[in-house]
There are 2 protein chains.
Amino acid sequence: MKKILVLGAGLVARPLVRYLLEEPEFEVTVATRTLSKAETLIDRHPRGTAKSLNVEDTTALKAFISSADLVISLLPWIHHIDVAKHCIESRKHLVTTSYVKPEMQALDAEAKNSGLLFLNEIGVDPGIDHMAAMRVIDGTKKEGGEIVSFYSYCGGLPALESNNNPFGYKFSWSPVGVMLAANNNGRYLKDGQVVQVTSEKLFEHYWLVDVPGAGTFEAYVNRDAFPYIDIYGIQTVHSMYRGTLRNIGHCESWNLFKKLGLFDQDRQFPLQDMSPRRVMAELIGSDGEHLVEDMASFLGIPEYSVTIKKMAWLGLLSDHKVPLSDASPFDLLAHLMQKKLIFEDGEVDLLVQHHEFIAEFRQDRKEKITATMVETGVPGEDSAMARTVGLPAAIAAGLILKGKITLSGVQIPVVPEIYEPVLTELGTMGIGFEERRTPV
Amino acid sequence: MKKILVLGAGLVARPLVRYLLEEPEFEVTVATRTLSKAETLIDRHPRGTAKSLNVEDTTALKAFISSADLVISLLPWIHHIDVAKHCIESRKHLVTTSYVKPEMQALDAEAKNSGLLFLNEIGVDPGIDHMAAMRVIDGTKKEGGEIVSFYSYCGGLPALESNNNPFGYKFSWSPVGVMLAANNNGRYLKDGQVVQVTSEKLFEHYWLVDVPGAGTFEAYVNRDAFPYIDIYGIQTVHSMYRGTLRNIGHCESWNLFKKLGLFDQDRQFPLQDMSPRRVMAELIGSDGEHLVEDMASFLGIPEYSVTIKKMAWLGLLSDHKVPLSDASPFDLLAHLMQKKLIFEDGEVDLLVQHHEFIAEFRQDRKEKITATMVETGVPGEDSAMARTVGLPAAIAAGLILKGKITLSGVQIPVVPEIYEPVLTELGTMGIGFEERRTPV
């Protein structure tokens, strides 16, 4: 019987834990701060154990790790390095769905020397994106072709049938994390030119993408696409872009919110004494008497703009105070968004992953190859986000323990030994890509 | 056996014809220009007959009318008066789903004298809106209360799950009709003040409405609400508004399209020689070299505005000519919208009707009363639009022929003799209103 330790019991844990418990040769321990969350996940399964753990308690954390065969960390990434170091000490494999940071990469040699696999970025984005991309890329190379352009899009959204608020957005992931990402910079390669997108221009630099079977979305740049040229081994590209998908109207409104200073975490307002309306007035230096007029002129948009209606709908123009004390505009916006942009019972999310390649073959033959995954949550059960993040990690953990993945070191799922069996298993669970090829 | 003549076989005819054919005591003849359309509707039903008819052929039209017991005209309203006059001549009842125009109203006395009922406005809007409103209004009066405020909203939209284009709109009704309505004026009463909304301001004068069970929509004014104060017998109101519902972002974009002159039917461009992009440049006096920049500055919006992305998506910025010759900007816009804003197989529409009343009772007790209908089309079968327009007319025609409605003259369904049995029957077919009452 192999023992798996799952650290954390957050949004994506349920499908991961349930998948692993279905394997008769595995025992699963979920250790998390709030015991009841772990108990809910285990649901009295005979091969499951729920435990309370404060990850700051190094002794307890080490004890848990040393008694497992493999560790899956669903903790915030800040904890991954500690966990990884304990894994090296106790000689345990580690699986995370987080991006590999330099601190993690630095452990590569040590992990290799101990014959350990530290598999990261095995969720959806990063994760499924890598795997679906590499299947196309490796396939193209096998056919003697090369990838000359790669645009990759991913978005976690409300499903169409649950898209019933003026923002076209609901949080299926950490709200603060989503909002912080609004301050990212971006960079990509377009027709051989480097395109830099500063945080200030993030939501001005977007376009519409028609995704077959899903709809039309806005796409804005998702961080730096350049590292993926090497990661994917496609030094032949003249275009390499990674973008985030959102519903129509998102970028313009979030951009204007940004211009108003609503993503600012530094300024503080005494919200115990100030209404949202007064905060808005102060942000633009208005006396508040003609706030909509002043805001429109500050933003350079018409007064009737839908963005201003959205602000009102969210409560930003309200005279009613919110239950916060000293807080930033970012905190105020986060508070209001978390209150109103939520999934109600029975509502479901949508996970869209859409890759667009141009492949060049001998004799100048060119093909557009697209790979598209449209995954919708199950009403009353798991979200698409939870399934697409949690299941790849769970499947990979199973494959490692069964000896079907024998790599070592710090890895991400860009090699066939990982992506082939994981994609195949995801396919049997209904999570798959539709690939389309058209001559160009 | 009673004989019903249905004139026209347009978008809403199918549920109407099928409903009437289910009644064993009715024979239904569908007469329309294109015989095959009538044949499809009748589908070889033993009590149905499909006929070809050119309504301009008065002799043929008269012959059809004289051999029926009741006429349902689904023709464009321009034909209704001729049909009505023939109905008086042949002493036949008439049912239409169109607004009563003065020419129709002028036939009231003649119809009454002949004991004939000319029942109009018995579709959804107008139609179901009247009936649901009157049920609340008459109910309130019976309780000794009075209506002091009435906001009525209605919209024909794509259902959420079919809302997959950047406009949030699809045509479930005559596209040109929908687009012409963009040039309407509007008028309503708000807190005792008359609010005039000129055509130019139609899409600037809107607000967001949360409709329980359906989502958040934009509402803009639907023509003149004042006549409804008398029609509904609610002279006690200080607010009376009728509005059209659209998805988020609609008003801003359509307004900007209007400012560009895209709803202009007077100017002509040789589209056989000019691309849409060149038309757009000419409309704003740009040399076309920096069209997006010029357009943004012309409209007073940022260059990255989603409205400009929507234009591009629709094809308005394309260098490829469209298959039109001399045509107006309106024609160009209609052509592009009809090509892209359509329901694909399996996609469905949504009909939302939402009334919000304030009723005042003795001792200053006030209640907010809402009545909401959310009707979704059936994939592969009838649209919500077809069912909600066609079925009330069909039900009313049946009730007239069975002697259960015995009114005469030119009528609309605001009297209990009509609205009670029609709403009851619609309810048995799953088309119903949810009424909510909350103290205010």
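Residues numbered from 1 in each chain as written. Chains lettered and ligands numbered in written order. Predicted model: local features only at pLDDT ≥ 70, side-chain atom pairs only at ≥ 80, totals over all residues. Heavy atoms only, no water.

Peer 1: Explain the overall build of chain A to me, using residue names and the numbers behind them.
Peer 2: Regarding its fold elements, chain A presents 16 helices and 18 strands. Against the 2.2 N^0.38 benchmark of 22 Å for 440 residues, chain A shows a C-alpha radius of gyration of 23 Å, consistent with a compact globule. In terms of overall dimensions, chain A has a C-alpha envelope of 70 × 60 × 40 Å along the principal axes. Burial status across chain A gives 58% buried among its 440 residues. For chain A, contacts bridging at least 24 residues in sequence account for 68% of all contacts bridging at least 6. When the accessible area of chain A is evaluated, it comes to approximately 17,800 Å², of which 47% is carbon and sulfur surface. Computed over 44 positive and 57 negative side-chain charges, the separation of the two mean positions in chain A equals 3 Å. (Helix = DSSP H or I, 4+ residues; strand = E, 2+ residues; numbered from the N terminus. Rg over C-alpha atoms; globule rule 2.2 N^0.38 Å. Buried < 20%, exposed > 50% of the residue type's maximum accessible area, 1.4 Å probe, protein only. Contact = heavy atoms within 4.5 Å. Areas by Shrake-Rupley, 256 points an atom, 1.4 Å probe, with all protein chains shown as cover. Lys, Arg positive; Asp, Glu negative; His and termini not counted. Charge placed at Lys NZ, Arg CZ, Asp CG, Glu CD.)

Peer 1: Any details on the environment of Ala-371 of chain B? Residues and values, ideally.
Peer 2: Residues and elements named next belong to chain B. Along the chain, the position of Ala-371 falls in strand E16 (residues 366-376). Judged by relative accessible area, which is 0%, Ala-371 ranks as buried. Distance in space between the C-alpha atoms of Ala-371 and His-355 is 5.1 Å, their sequence separation being 16 residues. The contacts of Ala-371, once residues within four sequence positions are left out, are Val-136, Gln-353, His-354, His-355, Phe-433, Glu-434 and Glu-435.

Peer 1: Run through unusual backbone geometry, naming residues and quoting values.
Peer 2: Across the junction of Asp-125 of chain A and Pro-126 of chain A, the peptide omega takes the value 15°, indicating a cis bond. Within the fold, Pro-126 of chain A resides in the loop between strand E6 (117-119) and helix H7 (128-142). A positive phi is found at Asp-43 of chain B, a non-glycine position, where the angle reads about 50°. Note that Asp-43 of chain B resides in the loop between helix H2 (35-42) and strand E3 (48-52).

Peer 1: Let's hear about the sheet that holds strand E1 (residues 2-7) of chain A: which residues, and what values?
Peer 2: Residues and elements named next belong to chain A. Strand order in the open sheet formed by seven strands is E3-E2-E1-E4-E5-E6-E17, with parallel pairing between adjacent strands. Only two strands of the sheet have a single neighbouring strand rather than two, namely strand E3 (48-52) and strand E17 (409-411). The sheet shows a mean angle of 20° between the axes of neighbouring strands, taken without regard to direction. Sheet strands touched by helix H4 (residues 80-90): E1, strand E4 (70-73), strand E5 (93-96) and E6. Its angle to E5, the strand with the most contacts, is close to 160°. (Pairing = 2+ DSSP bridges. Axes fitted to C-alpha atoms, helices over the stretch in contact; angles between N-to-C directions.)

Peer 1: Tell me what's going on with the nonpolar core, and back it up with residues and numbers.
Peer 2: One finds Ile-72, Tyr-232, Met-240, Phe-257, Met-280, Leu-316 and Met-337 of chain A to be the most contacted residues of the largest nonpolar core, which totals 139 residues. Ranked by residues supplied to this core, first place goes to helix H15 (residues 384-401) of chain A with 13 residues. Counting contributing residues, this core receives three or more from each of domain 1 (2-119) and domain 2 (128-252 + 345-439) of chain A. With near-sequence residues (within four places) excluded, Ile-72 of chain A lies in contact with Ile-4, Leu-5, Val-6, Leu-7, Leu-16, Leu-20, Val-95 and Ala-397 of chain A. With 138 residues, the next largest nonpolar core counts Ala-219, Ala-281, Ala-359 and Ala-396 of chain B among its residues. (Core = buried A, V, L, I, M, F, W, Y, C linked by side-chain atoms within 4.5 Å. Domains from an automatic or database assignment.)

Peer 1: Quick one: what's the story with the interface of chain B and chain A, residue by residue and with numbers?
Peer 2: Opposite the 31 residues of chain B that make contact, chain A presents 31 residues. Buried surface at the junction of chain B and chain A, summed over both partners, amounts to about 2,400 Å²; 62% is from carbon and sulfur atoms. For the pair chain B and chain A, the number of links is zero salt bridges. Across the chain B-chain A interface, the total number found is 14 residue pairs in polar contact (both at pLDDT 80 or more). Elements with a minimum of two residues in the side of chain B that touches chain A: strand E10 (206-211), strand E11 (215-221), helix H10 (250-259) and helix H13 (306-314) of chain B. By residue number, the principal contributor to the side of chain B that touches chain A is H13 of chain B, which donates five residues. (Buried area = accessible area lost by both parts, 1.4 Å probe. Salt bridge = Lys/Arg side-chain N within 4 Å of Asp/Glu carboxyl O. Polar contact = N/O pair within 3.5 Å; in protein donor to acceptor, adjacent residues only side chain to side chain.)

Peer 1: So what about the relation of the copies chain B and chain A? Which residues, and what values?
Peer 2: The two copies are related by a screw motion: chain B maps onto chain A through a turn of 180° and a shift of 0.0 Å along the axis, at an RMSD of 0.0 Å. What we have between these two chains is a two-fold relation. Nearest to the rotation axis, the C-alpha of Glu-161 of chain B is located 2.3 Å from it, this being the minimum over chain B. When the interface residues of chain B are mapped onto chain A, 100% of them are again interface residues, pointing to one common binding face. (Least-squares fit on C-alpha atoms with pLDDT ≥ 70 in both.)

Peer 1: Account for the pairing of strand E11 (residues 215-221) of chain A, with residues named and values stated.
Peer 2: All names here are of chain A. Counting buried positions along E11 gives seven out of seven residues, so the element sits mostly inside the fold. Burial of E11 is two-sided: the residues Gly-215, Phe-217, Ala-219 and Val-221 facing one way and the residues Thr-216, Glu-218 and Tyr-220 facing the other way are all buried. Sheet topology note: the strand E10 (residues 206-211)/E11 ladder contains six bridges and is antiparallel. By the bridge assignment, Tyr-206 is partnered in E11 with Tyr-220. Remark: three residues form the turn of the hairpin made by E10 and E11, two consecutive strands paired antiparallel; Gly-213 in that turn has positive phi of roughly 80°. Here E11 runs beside strand E12 (residues 239-246); their pairing, made up of four bridges, is antiparallel. Note on E12: the bridge partner recorded for Glu-218 is Arg-246.

Peer 1: Outline empty space enclosed by the protein, listing residues and values.
Peer 2: Empty space left among the atoms is revealed by rolling a probe the size of a water molecule over them. Taken as a whole and judged by the stated rule, the model has six cavities of 30 Å³ or more. Approximately 350 Å³ is the volume found for the largest cavity. Lining the largest cavity are 26 residues, with Asn-163 and Ile-248 of chain A together with Asn-163, Asn-247 and Ile-248 of chain B positioned closest to its centre. Sorting the residues of the lining of the largest cavity by element identifies E11 of chain A together with E11 of chain B as the ones contributing at least two each. By residue class, the composition of the lining of the largest cavity is eleven nonpolar, 14 polar and one charged. Of the volumes computed, that of the second largest cavity is approximately 100 Å³. Lining the second largest cavity are 15 residues, and of these Gly-249 and Val-306 of chain A together with Gly-249, Val-306 and Lys-310 of chain B lie nearest its centre. Of all elements in the fold, only helix H10 (250-259) and helix H13 (306-314) of chain A together with H10 and H13 of chain B reach the threshold of two or more residues within the lining of the second largest cavity. Here the residues of the lining of the second largest cavity are counted per class, giving five nonpolar, six polar and four charged. (1 Å grid on protein atoms, 1.4 Å probe; cavity = no way out; pocket = protein on both sides within 12 Å on 5 of 7 lines; lining within 4 Å. Points joined across faces, edges and corners; volume = space filled by probe spheres on them. Nonpolar A, V, L, I, M, F, W, Y, C, P; charged D, E, K, R; others polar.)

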